[in-house]
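Below, each chain spelled out in residue letters.
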Amino acid sequence: QAFGRYDASQVTQAWHDHPRRSPPQVEALIARTWERKCAEAKEKGVLLYNGELARLLRCQASPASLHLELGPGCYRDFVGTNLHNAAAVAAYGDDCLGNPCGVSSNVITADGFLLLGRRNDRVAYHPGYLHPFGGALEADDRAAQRFDIFSAARRELCEELRLAPHEIRTLTCIGLIRDREILQPEFLFDAVLTLSLSDVRARFDPLAQHQEHSRLESCFDLSEEVIPFLSRSKPVAPIGEGGLLLHGRHEWGMDWYETTCLVLYG
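Residues numbered from 1 in each chain as written. Predicted model: local features only at pLDDT ≥ 70, side-chain atom pairs only at ≥ 80, totals over all residues. Heavy atoms only, no water.

K.L.:
Looking at this structure, I do not really get the environment of E52. What am I missing?
P.N.:
By the secondary structure assignment, E52 is in strand β3 (residues 52-62). A sequence separation of 21 residues divides E52 from G73, and the C-alpha atoms of the two residues are 6.0 Å apart. If near-sequence neighbours (up to four positions away) are discounted, E52 is found in contact with G73, L137, E138, A139, R142 and F147. (Helix = DSSP H or I, 4+ residues; strand = E, 2+ residues; numbered from the N terminus. Contact = heavy atoms within 4.5 Å.)

Have a look at this one:
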């Protein structure tokens, strides 16, 4: 839905304080799904709790700017709409979806590796999948009526990889995509670190209390490495594939992108 290289100064936003539209049928579906998923999470020891999220209403993109229109949302609405009932809810209109803004980062180490994480069994969705490091726009990312996608991406990187903020050399938004199954809008980033791959691995703790990944997986940041990496890393979350493809489209051009999509998807 958007493609470009955007720094924080190129991203603007407007806040609309009206709730998501929710016909009675949709609200009943959300309630049933949330009750069922909470019971399953308790039984399996999966992390699941409600909380404030920012909902994407609209996005306007140009090569030089990215403008977001946001509204209030929550994790319960995401679970009951996008995550488990996307097609059924979308039939009532896109404005009925929870549509929380996701933020996910490809990590590029100082010694030239692309780094993603293998999600553990405690996460609510895509357990066992290769996935970039990220989460969603949460209450901690809000100042007054402004949610900062760069602050959210930086927070997630620091939490999951035990980084200090100054160890993220550059953080660039490279586009916006949607997972075709859950329809969630996801802002993708390239995060270039001052640390080597071995430095990051030395700090990584798969047993940390809120850790969402069981291990780190990497490949050289080279055009010829991406397809073999995706092939040997299955299953890969759609956001993981999308993030690497947009990274490659920026770094190696449209010919690489189209050829890689042809090889991967036919």
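Now, onward.
K.L.:
In this structure, what is going on with the pattern of salt bridges? I would like to understand it.
P.N.:
For side chains of opposite charge, pairing can occur when their charged atoms come near one another. Counted according to the given criterion, the structure contains 16 salt bridges. Note that E27 and R20 form a salt bridge whose closest N and O atoms lie 3.6 Å from each other. Among the residues examined, E27 registers a relative accessible area of 30% and is labelled partly exposed. Its relative accessible area of 11% is what places R20 among the buried residues. Notably, a salt bridge pairs R155 with E138, separated by 3.6 Å at the nearest N-O pair. (Salt bridge = Lys/Arg side-chain N within 4 Å of Asp/Glu carboxyl O. Buried < 20%, exposed > 50% of the residue type's maximum accessible area, 1.4 Å probe, protein only.)

K.L.:
Honestly, the nonpolar core in this entry has me stumped. Any pointers?
P.N.:
If you look at the biggest cluster of nonpolar residues, it comprises 38 residues, and the most contacted ones within it are L70, I149, L157, L161, F187 and F189. Considering every element that reaches this core, the biggest residue donor is helix α3 (residues 149-161), with 7 residues. In this structure, L70 is in contact with Q13, A14, W15, H16, A54, R55, L56, L57, C101, L137 and F147, ignoring residues within four places of it in sequence. Within the second largest apolar cluster, 14 residues are counted, among which are V226, F229, L230 and V236. (Core = buried A, V, L, I, M, F, W, Y, C linked by side-chain atoms within 4.5 Å.)

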